[in-house]
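Below, each chain spelled out in residue letters.
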Amino acid sequence: MTKPKLSAAEITEQVWCGDLACARADGTPVPQSRGRKLAWRCAKQFPSLRLKFLIAFMCLLWFSAKTNRAAETNQHVPPEGTPAFDPRPLMDKLNERIVTDKYCFAVLGDTKHSVKFPALTQYLDETIKPDFVLTTGDMVAAGGGTVGPGYWEELSMDSGAEFRKRPWWPAIGNHEIASDPIFMERPKSEQQAQMKTNADSGVENFKQFYNLDREYYSFSFRNAIFIALPFPNPQGESFNWLENELKNAKDAGKLIFVWNHCPFFTVGMKSKAEVPNAPTETTKLFEHYGVCAVFSGHDHGYYRTIREGIPYLISAGGGAQIYPGLRKAEALPEDVYYFENPESYKAHVNNKNVKPKYLYHNGVTGKDETLNEREVFMLVVNVDGNKAGARCVTSSGRILDELILSK
Ligand SMILES: [Fe+2]
């Protein structure tokens, strides 16, 4: 089995490689393979721009051919001999064990092979002991194309044992569909074709890894229905599907929980184009059908806000770097959030020796706090009949937030 071309630790170092910089489907840069990085380093040695490009191009051809051969011959998702991480058989056992509407589930995401993730899973496993887990996406660094199978294998090695202990229900994120480089100097049509190829193979790998028929789906458990949305948002067929799911759930008198990757509201660093912080056709559906809560990831940090009566929570503290709260001015007075302090972010972007500081704002208690160490955290949701409550807990046991979700 081909190993991932990059370790998680290498990703941030290799994102920017000068002329060979590339971007994912969502426009963020992707890590370079070792071959491409080498090509860039070789090219840097030569002063002539034309020679630089010629050397880089030849190296790229050679390494691409090598990678493609590996992809054709021995890459499988999940790894050969490993059964898919299908949550449904475990859910069947849960249905036998739990016979009342009293249960607990965790919500976490944006782990991307982080060295901090095992501490969170240990806390989850030994202390929280949820009945099942919802993941809000970005569980792999790059799930599509030639590098994808290696990252899925890494996930199975890191977390496979956890995935066998209790059901882990996934939502698809941009990193599940990210992969091979998009060369910005090439025609737009080529860039778009590469993005589509990456996304298509990423979606297929995602479905195979978890044995799902589709990347968006729902499941029922006791008195609730859980609806996983596609990335970035439901549109066309998936929008109609969502409306139908919500209508059926409401008619059946179920609690409705929705989860996905891209949030609808944030105070982190995702742009307005991606997270509008304004009503959309999808949020209007949530209001119309009385969704109990919407859980998302993507903007690494914690955020809770209640908009038009619907709780929206970002649980994206599974281990990836915490983003700065650049949009904190858009928070409502009672919101709660945990992001990197924007001032500290500016300082350490300019000087890598400056240690990041984190801003924990609790609009309910009116407290602001600066934290020096990065926290990993999850949401824990307890359902008891028609009552549901959530708390955000760190792997050290600190409670960052508590709220009632049910109406
Ligand atoms: Fe993401």
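Residues numbered from 1 in each chain as written. Predicted model: local features only at pLDDT ≥ 70, side-chain atom pairs only at ≥ 80, totals over all residues.

**Remarks on the sheet that holds strand S3 (residues 168-170)**
Okay, so step 1: Spatially, S3-S2-S1-S13-S14-S15 is the arrangement adopted by the six strands of the open sheet, whose pairing is mixed. The open sheet has two edge strands with one neighbour each: S3 and strand S15 (399-404). Recorded for the sheet is a direction-independent mean angle of 20° between the axes of neighbouring strands. (Pairing = 2+ DSSP bridges. Helix = DSSP H or I, 4+ residues; strand = E, 2+ residues; numbered from the N terminus. Axes fitted to C-alpha atoms, helices over the stretch in contact; angles between N-to-C directions.)

**Topic: helix H8 (residues 237-251)**
Okay, so step 1: Taking 1.5 Å of rise per residue, the 15 residues of H8 would be expected to cover 21 Å, and the 21 Å separating its terminal C-alpha atoms lies within 8% of that figure.
Okay, so step 2: Taken together, the buried residues of H8 touch strand S4 (217-221), strand S5 (224-228), strand S6 (255-259) and helix H9 (281-288).
Okay, so step 3: A positive backbone phi angle near 70° is found at Gly253, which sits one or two residues after H8. (Expected span 1.5 Å × (residues − 1). Contact = placed C-beta atoms within 7 Å.)

**Examining the packing of helix H5 (residues 117-128) against helix H6 (residues 148-165)**
Okay, so step 1: The interhelical angle for the contact between H5 and H6, taken along N-to-C directions, is 20°, at an axis separation of 11 Å. One finds that H5 runs roughly parallel with respect to H6. Regarding H5 and H6, the two cross each other, and that crossing is left-handed. Mapping the contact onto sequence places Phe117, Thr121 and Asp125 in H5 and Asp158, Ser159, Glu162 and Lys165 in H6.
Okay, so step 2: Per-class residue counts for the contact of H5 with H6 are one nonpolar, two polar and four charged. (Parallel < 35°, antiparallel > 145°, perpendicular 65-115°, else oblique. Left-handed = near helix turned anticlockwise from the far one by under 90°. Nonpolar A, V, L, I, M, F, W, Y, C, P; charged D, E, K, R; others polar.)

**Points about the pairing of S5**
If a strand is regular, its side chains alternate between the two faces of the sheet.
Okay, so step 1: Here S5 lies mainly inside the structure; five of its five residues are buried.
Okay, so step 2: Neither face of S5 is exposed, since Ala224, Phe226 and Ala228 on one face and Ile225 and Ile227 on the opposite face are all buried.
Okay, so step 3: Summarising the sheet, S4 and S5 pair through five bridges and their orientation is antiparallel. When the sheet's bridge partners are listed, Tyr217 is paired in S5 with Ala228. (Buried ≥ 20, exposed ≤ 12 C-beta atoms within 10 Å, placed from the backbone.)

**A look at the environment of Phe206**
Okay, so step 1: Considering the arrangement of structural elements, one finds Phe206 in helix H7 (residues 188-210).
Okay, so step 2: Under the C-beta neighbour-count criterion, Phe206 is labelled buried, with 27 such atoms within 10 Å.
Okay, so step 3: Put simply, Phe206 and Ala171 are 35 residues apart on the chain and 9.3 Å apart in space, counted from C-alpha to C-alpha.

**Things to note about the sheet that holds strand S7 (residues 293-296)**
Okay, so step 1: Strand order in this open sheet of nine strands is S4-S5-S6-S7-S9-S8-S10-S11-S12, and the pairing throughout is mixed. Unpaired on one side and paired on the other, S4 and strand S12 (367-371) mark the two borders of the sheet. Each strand of the sheet is rotated relative to its neighbour by a mean of 20°, with strand direction disregarded.
Okay, so step 2: Inspection of the sheet shows strand S8 (residues 302-307) paired to strand S10 (residues 336-340) by three bridges, in the antiparallel sense. Residue pairing in the sheet places Tyr303 in a bridge with Tyr337 of S10.

**What to know about the confidence of the model for the protein**
Okay, so step 1: Scored by pLDDT, the protein comes out at a mean of 86, with 82% of its residues at no less than 70.
Okay, so step 2: Segment residues 1-47: pLDDT under 50, and 95 contacts once partners within four positions in sequence are set aside and those in other chains are kept.
Okay, so step 3: In this model residues 65-74 is a low-confidence stretch, pLDDT under 50, and it forms eight contacts with partners more than four residues away in sequence or in other chains. (pLDDT = per-residue confidence, 0-100.)

**Side note on the nonpolar core**
Side chains of a nonpolar character, in soluble globular proteins, are inclined to be buried together.
Okay, so step 1: Ranked by internal contacts, the top residues of the largest apolar core, which has 90 residues, are Val107, Ile256, Met378 and Leu379.
Okay, so step 2: Setting aside chain neighbours within four positions, we find Met378 in contact with Ala106, Val107, Leu108, Leu120, Leu124, Ser315 and Val393. (Core = buried A, V, L, I, M, F, W, Y, C linked by C-beta atoms within 7 Å.)

**Examining unusual backbone geometry**
Okay, so step 1: Cis geometry is adopted by the peptide bond preceding Pro78, which originates at Val77 and carries an omega value of -10°.
Okay, so step 2: Among the secondary structure elements, Pro78 is positioned in the loop between helix H3 (49-74) and helix H4 (87-97).
Okay, so step 3: Located in the positive-phi region is Asp110, a residue other than glycine, with phi close to 55°.
Okay, so step 4: Along the chain, Asp110 turns up in the loop between strand S1 (102-108) and H5.
Okay, so step 5: Phi at Asp138 takes a positive value of approximately 60°, unusual for a residue other than glycine.
Okay, so step 6: Considering the arrangement of structural elements, one finds Asp138 in the loop between strand S2 (132-135) and H6.

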